[in-house]
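Each chain, letter by letter, is given below.
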Amino acid sequence: MFHSHENSSGEPFTKMTDSKSSNISDIIRGRRTIHNFRVNEVPDDEIILKAIEAAKWAPNHHLTEPWRLYLLGQETINGIIDLNTRLVTEKHGMEAGKDKQERWSKMPGWLVISCNRSDDKLQMHEDYAACCCLIQNLMLYLWSEGIGMKWSTGDVIRDRQFYDLLWIDPQAEEVIGIFWYGYPDDIPVTARKSLEQIIVKLP
Ligand SMILES: Cc1cc2nc3c(=O)[nH]c(=O)nc-3n(C[C@H](O)[C@H](O)[C@H](O)COP(=O)(O)O)c2cc1C
């Protein structure tokens, strides 16, 4: 299932031709951010709910369970696409807006994840970390089922109208991403630093 290559620093990187696996190392190393999905193939809600059920067992200091997961229907998706098209058009022009509209209209499954806000800065920091643990769990679970994801943090998720479209109170929650999911059309290849570059051994 894996093809190993060598990059310039000698660290192997991996490309998976088939994302379905039950081996934890294969799943972690093989998961990739998917930019292109097979069109019109939306994974069943059942598998997404199973993935969320597993993902919520993420480590979480003080068990605040600060996450909310919004499963989007077509009406909300259309609203987000329209809003994003307008924002991109204002910033980068008509052509860029049209390109984004076309791309986003092809995204199969849509999920938005938010994190509860807190007046306590440390609490918020740790809650965001816990949400990231849940998200990685989710991505790995889905990857093991042959489903890829893309985490997107573009300008639109910080727009007040985005919160209105999702009925989210911006004082109470912070949106931390749009997550598209579906069956990969192609799987990118990436590399990572070698162990020597990231490990510091202390006496
Ligand atoms: C917090 C966070 C935000 C991200 N936002 C974006 C984004 O807005 N657009 C994008 O193309 N990828 C985004 N990504 C995905 C990263 O670009 C991707 O993980 C990175 O290129 C490594 O690729 P891999 O996930 O295939 O290992 C985001 C990832 C994280 C963790």
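Residues numbered from 1 in each chain as written. Predicted model: local features only at pLDDT ≥ 70, side-chain atom pairs only at ≥ 80, totals over all residues.

## Looking at the overall build of the protein chain
Along its length, the protein chain carries 7 helices and 6 strands. If you list the helices and strands of the protein chain from N to C, you get β-β-α-α-β-α-α-β-α-β-α-β-α. Relative to the globule expectation of 17 Å for 203 residues, the C-alpha radius of gyration of the protein chain, 18 Å, shows essentially globular dimensions. For the protein chain, the spread of C-alpha atoms along the principal axes amounts to about 50 × 40 × 35 Å. The 203 residues of the protein chain split such that 26% are buried. Pairs at least 24 apart in sequence give 77% of the contacts found in the protein chain among residues at least 6 apart. (Helix = DSSP H or I, 4+ residues; strand = E, 2+ residues; numbered from the N terminus. Rg over C-alpha atoms; globule rule 2.2 N^0.38 Å. Buried ≥ 20, exposed ≤ 12 C-beta atoms within 10 Å, placed from the backbone. Contact = placed C-beta atoms within 7 Å.)

## Let's talk about the site of the ligand
Taken together, Arg 32, Thr 33, Trp 151, Ser 152, Thr 153, Gly 154, Pro 188 and Thr 190 make up all the residues around the ligand. Within the shell around the ligand, the residues separate by chemical class into 2 nonpolar, 5 polar and 1 charged. (Near = placed C-beta within 6 Å. Nonpolar A, V, L, I, M, F, W, Y, C, P; charged D, E, K, R; others polar.)

## Brief notes about the environment of Trp 180
Structurally, Trp 180 is set in strand S6 (residues 173-182). The buried category is assigned to Trp 180, around which 21 C-beta atoms lie within 10 Å. A sequence separation of 68 residues divides Trp 180 from Val 112, and the C-alpha atoms of the two residues are 8.7 Å apart. Ignoring any residue separated from it by four or fewer positions in sequence, one finds Trp 180 in contact with Phe 37, Met 107, Gly 109, Trp 110, Met 149, Lys 150 and Ser 152.

## Focus: helix H3 (residues 74-92)
Taking 1.5 Å of rise per residue, the 19 residues of H3 would be expected to cover 27 Å, and the 26 Å separating its terminal C-alpha atoms lies within 8% of that figure. Every buried residue of H3 is listed here: Ile 80, Asn 84, Thr 85 and Val 88. In an axial view of H3, the angular spread of the buried residues amounts to 135°, which keeps them on one side of the axis. Away from its buried face, by an angle of more than 90 degrees, H3 presents the exposed residues Glu 75 and Glu 90. In this fold, the buried residues of H3 make contact with helix H4 (94-105) and helix H6 (160-165). (Expected span 1.5 Å × (residues − 1). Arc of directions from axis to C-beta.)

## Some thoughts on the packing of H3 against H4
As a packed pair, H3 and H4 sit with axes 7 Å apart at the nearest point and diverge in direction by 155°. Regarding the angle of H3 to H4, the classification is roughly antiparallel. For the crossing formed where H3 meets H4, the hand is right-handed. Contacts from Ile 81, Asn 84, Thr 85, Val 88, Thr 89 and His 92 in H3 reach Met 94, Ala 96, Gly 97, Lys 100, Gln 101, Trp 104 and Ser 105 in H4. Residues that form the contact of H3 with H4 fall into these classes: 5 nonpolar, 7 polar and 1 charged. (Axes fitted to C-alpha atoms, helices over the stretch in contact; angles between N-to-C directions. Parallel < 35°, antiparallel > 145°, perpendicular 65-115°, else oblique. Left-handed = near helix turned anticlockwise from the far one by under 90°.)

## Examining the nonpolar core
With 34 residues, the main nonpolar core has Leu 142 and Trp 180 as its most contacted residues. Every element with two or more residues in this core is listed here: helix H2 (45-55), strand S4 (109-116), helix H5 (121-144), H6 and S6. The leading source of residues in this core is H5, at 8 residues. When near neighbours in sequence (up to four residues on either side) are disregarded, Leu 142 contacts Ala 51, Ile 147, Met 149 and Tyr 181. (Core = buried A, V, L, I, M, F, W, Y, C linked by C-beta atoms within 7 Å.)

## Here we look at the environment of Glu 53
With respect to the element layout, Glu 53 can be found in helix H2. Among the residues examined, Glu 53 registers 10 C-beta atoms within 10 Å and is labelled exposed. Sequence-wise, Glu 53 and Leu 138 are 85 residues apart; in three dimensions their C-alpha atoms are separated by 9.0 Å.

Such coordinate-based values are descriptive only and should not be taken to indicate function.
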